[in-house]
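# Observations on chain architecture
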Amino acid sequence: PQPEIDTTKLFVARFRRFIERKDNDRTREIYEATLSRIYAYDRRCELLAFEDIDKAWLTQFDKFLSRTSPSVNARSIHLRNIRAVFNDAIDDEVTHHYPFRKFKIKRAPTAKRSLSVEALRELFDYPVEEHQRKYLDMFKLSFFLIGINIGDLCKLKRINGGRIDYERAKTHRLYSVKVEPEALAIIEQ
């Protein structure tokens, strides 16, 4: 008879439990995408213990990802997700193995995407058709409210003392933003 395998020590089983504990649907989707790439790379991944994933495995996995994701930053998402599962397992004392001491996740600098003042003025003054006005106003409002995410903007309830106080849905960070007259004019529409 085969000895029973302790699934708490298996990487993929732990990865699945890690995903199940995530509250945000989008976060779960991103981790599921990583798990899907792991399955595509290593057909025996369900049998991998944490100790089986070393610098060589991570290096080869990164090379495998590069065939479908030439972007260094896109690949780094998957590698950071794997690292998060390792950190979680270490915190719960499932393993002491940590291949990320020797394997460094690469990152490429992101090109600056800010608009010049002239381009912003041109956009703000762009002659739109009446049915497009609300879209331009939403962009302006997001800008006036220091780049508030559209999802967070839609959940706002009230202005308190000339400010909007909210918790960013993605990061749970608290913000308090002064409502400038230009933003108030759009809100009052």
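Look up: the structure comes first, before these words.
Residues numbered from 1 in each chain as written. Predicted model: local features only at pLDDT ≥ 70, side-chain atom pairs only at ≥ 80, totals over all residues. Heavy atoms only, no water.

### Things to note about the pattern of salt bridges
Evaluated as defined, the whole model comprises 9 salt bridges. D25 is the salt-bridge partner of R28, the closest N and O atoms lying 2.1 Å from each other. You can see R28 and its partner D25 sitting in helix α2 (residues 25-41), 3 residues apart, about one turn around the helix. For K106, the salt bridge goes to D62, with nearest N and O atoms at 3.8 Å. Of the two residues, K106 is situated in the loop between α4 (72-91) and α5 (117-124) and D62 in helix α3 (residues 55-66); the sequence distance between them amounts to 44 residues. Each of the salt bridges in this network shares a partner with another, and the network as a whole consists of R14, R21, D88 and D92. (Salt bridge = Lys/Arg side-chain N within 4 Å of Asp/Glu carboxyl O. Helix = DSSP H or I, 4+ residues; strand = E, 2+ residues; numbered from the N terminus.)

### Looking at the side chain of D62
The exposure class of D62 is buried, given its relative accessible area of 10%. Contacts of D62, omitting those with residues within four sequence positions, involve R75, L79, F103 and K106. (Buried < 20%, exposed > 50% of the residue type's maximum accessible area, 1.4 Å probe, protein only. Contact = heavy atoms within 4.5 Å.)

### Overview of α2
Helix length check: α2 (17 residues) gives 24 Å between terminal C-alpha atoms against 24 Å at 1.5 Å per residue, within 8%. Among the residues making up α2, those that are buried are Y31, T34, L35 and I38. Summarising the axial view, the buried residues of α2 lie within an arc of 100°, below the 170-degree limit, and thus occupy one face. Contacts made by the buried residues of α2 are with α1 (11-20), α3 and α4. One side-chain oxygen at the N-terminal end of α2 lies 2.7 Å from the backbone nitrogen of R26; it belongs to N24. (Expected span 1.5 Å × (residues − 1). Arc of directions from axis to C-beta. Polar contact = N/O pair within 3.5 Å; in protein donor to acceptor, adjacent residues only side chain to side chain.)

### Comments concerning unusual backbone geometry
What is expected of a backbone is that most residues other than glycine have negative phi and most peptide bonds are trans. With a phi close to 60°, E93 is a non-glycine residue in the positive phi region. Take E93: it is sitting in the loop between α4 and α5. Its relative accessible area of 61% is what places E93 among the exposed residues. Within the chain, I146 stands out as a residue other than glycine whose phi angle is a positive 50°. Along the chain, I146 falls in the loop between α6 (133-144) and α7 (150-154).

### Regarding the pairing of strand β1 (residues 163-167)
Covered by surrounding structure in β1 are I164 and Y166 only, the residues R163, D165 and E167 on the alternate face being uncovered. Both β1 and strand β2 (residues 174-178) contribute to a ladder of 5 bridges, which runs antiparallel. The residue of β2 that forms the bridge with D165 is S176. Here β1 hands over to β2 after 6 residues, with H172 in that stretch at a positive phi of 65°. (Pairing = 2+ DSSP bridges.)

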